[in-house]
Amino acid sequence: QHERWGLPAEKIDGTWNLVLNRIRGFGGVGIVSHELLAAATPEQVARVARDTEEFELHVVVTARDLSRQATALWQEEVKNGRRWSFEEFSQSLFGADGEELGGSGFWRSQHLAAVLARWAVVVPPERMHVVVVPRSSGDPLELWRRFADAIGLDPDSLDLDLRPRANESLGAAQVALLRQVVTALDGRLGQPHYAHVVKRFFAQTQLSTISSPRPVTPPELCDRLDGVARQWVEDIEEKRYAVHGDLVELVPSAGPAPESTAHPDEISAEELLQGLPEVIAEMLVEIAVLRGQVPGPKRLPALRRTEDGCLEPVPSEGQEVDVVNGVEASLDPVETETETEPEPEPEPESDPDPGPGPRSTEPGHGVPQG
């Protein structure tokens, strides 16, 4: 997958062994977490089990209301550059017979019973943990408490207020706008530029600041997903996996009715434009800041952001800036031309200095620490 994300193979090769070596060096409990592990093939699962034979391997799977997961994954795929509508996404989930389409990318990583079954081959049931994500209207810290319980950590051992919480989820209108932008780009931005500029900066940093209704799974699809989730609950209870939370929260119909039943694809022009001028303004400011950092003839006077979000000129070396009037003044003394006799050129020394002595060429070496 390194090619898909625009990364050279040498930046990926050996990463897994590096992670395991860091855990060995730490000497305590190590946590390796990534959503892609849910889609691991049986061969990849066997590789993980083989490489971690010296450890007591536990598998922790977080799962939530399947209807919420459907809209979340749809918008994530749009963020990653896929243009499809929610209707097109929905049609990829079930076949004409009403059964889940096994080849769908959604089910490969989101079919909870299948994910658990693949990992249960190498881990006993008591070390298979299902962490149920609470309803969105619940206590925002409850998920952390459930996860901490699964990994055997005191939930109060970390101060969760040290870092601001950011919800990078998009509203339905912002997903619609992003789909239009992706279509207009027409593949002109490859990886890793797309991930950094479109997904992280435009979508997750700018569009996510607009407050608007989140996409909601339509009732007809909810009914189908409801049946799937109920089968999962029965399977988990039968297999006697370790459950952290209430399995009922996986079932869409068991939760409160959504405030809106509007289809995610039904977006008006007014909704599409909501908050967009502010986003464009912030992007123009960012361009102005970046134009002060690029070399060459198109470089503009440098700007920097202040703590209150304003902009101020950055004084260049040897200059001071009058922020009020925007006038640059040189700190170098003003030189005046005077008529003087030219100084004679110095005679060369008989034993000139051959140049600077040898310099250390030993490179620095940084090792990330856990």
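Note that the structure is a prediction, hence the values are computed from the model and not measured.

Criteria and cut-off values
Residues numbered from 1 in each chain as written. Predicted model: local features only at pLDDT ≥ 70, side-chain atom pairs only at ≥ 80, totals over all residues. Heavy atoms only, no water. Helix = DSSP H or I, 4+ residues; strand = E, 2+ residues; numbered from the N terminus. Buried < 20%, exposed > 50% of the residue type's maximum accessible area, 1.4 Å probe, protein only. Contact = heavy atoms within 4.5 Å. Areas by Shrake-Rupley, 256 points an atom, 1.4 Å probe, with all protein chains shown as cover. Patch = residues over 30% accessible without salt bridge, like charges linked within 9 Å, V, L, I, M, F, W, Y side chains within 5 Å. Salt bridge = Lys/Arg side-chain N within 4 Å of Asp/Glu carboxyl O. Pairing = 2+ DSSP bridges. pLDDT = per-residue confidence, 0-100.

Looking at the overall build of the protein chain
For step 1, the next point in the chain: Check the secondary structure of the protein chain and you find 12 helices and seven strands.
For step 2, the next point in the chain: Split into buried and exposed, the 370 residues of the protein chain put 29% on the buried side.
For step 3, the next point in the chain: Residue pairs at least 24 apart in sequence account for 68% of intrachain contacts in the protein chain once pairs closer than 6 positions are excluded.
For step 4, the next point in the chain: Summing over all exposed atoms, the protein chain offers an accessible surface of approximately 25000 Å²; the carbon and sulfur share of this is 53%.

Some details on a nonpolar patch on the surface
For step 1, the next point in the chain: Residues Ile280, Leu284 and Ile287 make up a contiguous nonpolar surface patch of about 290 Å² in total accessible area.
For step 2, the next point in the chain: Assignment of secondary structure puts Ile280 in helix α12 (residues 276-291).
For step 3, the next point in the chain: Of the residues examined, Ile280 reaches a relative accessible area of 44% and is grouped as partly exposed.

Brief notes about unusual backbone geometry
For step 1, the next point in the chain: Of note, the bond from Gln191 into Pro192 is cis; its omega dihedral lies within 30 degrees of zero at 5°.
For step 2, the next point in the chain: The topology assignment puts Pro192 in the loop between α8 (172-185) and α9 (193-206).
For step 3, the next point in the chain: With a phi close to 50°, Asp186 is a non-glycine residue in the positive phi region.
For step 4, the next point in the chain: Considering the arrangement of structural elements, one finds Asp186 in the loop between α8 and α9.
For step 5, the next point in the chain: Phi at Arg240 is positive, roughly 60°, even though this residue is not glycine.
For step 6, the next point in the chain: With respect to the helices and strands, the residue Arg240 is situated in the loop between α10 (219-239) and β3 (242-244).
For step 7, the next point in the chain: For Arg240, a relative accessible area of 68% puts it in the exposed group.

Details of the pairing of strand β1 (residues 59-63)
Side-chain positions along a regular strand alternate between the two faces of the sheet.
For step 1, the next point in the chain: Of the two faces of β1, only the one carrying Val59, Val61 and Ala63 is buried; Val60 and Thr62 on the other face are not.
For step 2, the next point in the chain: Sheet topology places β1 next to strand β2 (residues 128-132); five bridges connect them, and they run parallel. Within β2, the position partnered with Val59 by the bridge is Met128.

With respect to the pairing of β2
For step 1, the next point in the chain: Most of β2 is tucked away, with five of its five residues classed as buried.
For step 2, the next point in the chain: Of the two faces of β2, both are covered, the one formed by Met128, Val130 and Val132 as well as the one formed by His129 and Val131.
For step 3, the next point in the chain: Where β2 lies against β3, three bridges are found, and the strand directions are parallel. Bridging from a neighbouring strand, His129 pairs with Ala242 of β3.

Considerations on the confidence of the model for the protein chain
For step 1, the next point in the chain: Mean pLDDT over the protein chain works out to 84, with 82% of the residues at or above the 70 mark.
For step 2, the next point in the chain: Segment residues 318-370: pLDDT under 50, and 20 contacts once partners within four positions in sequence are set aside and those in other chains are kept.

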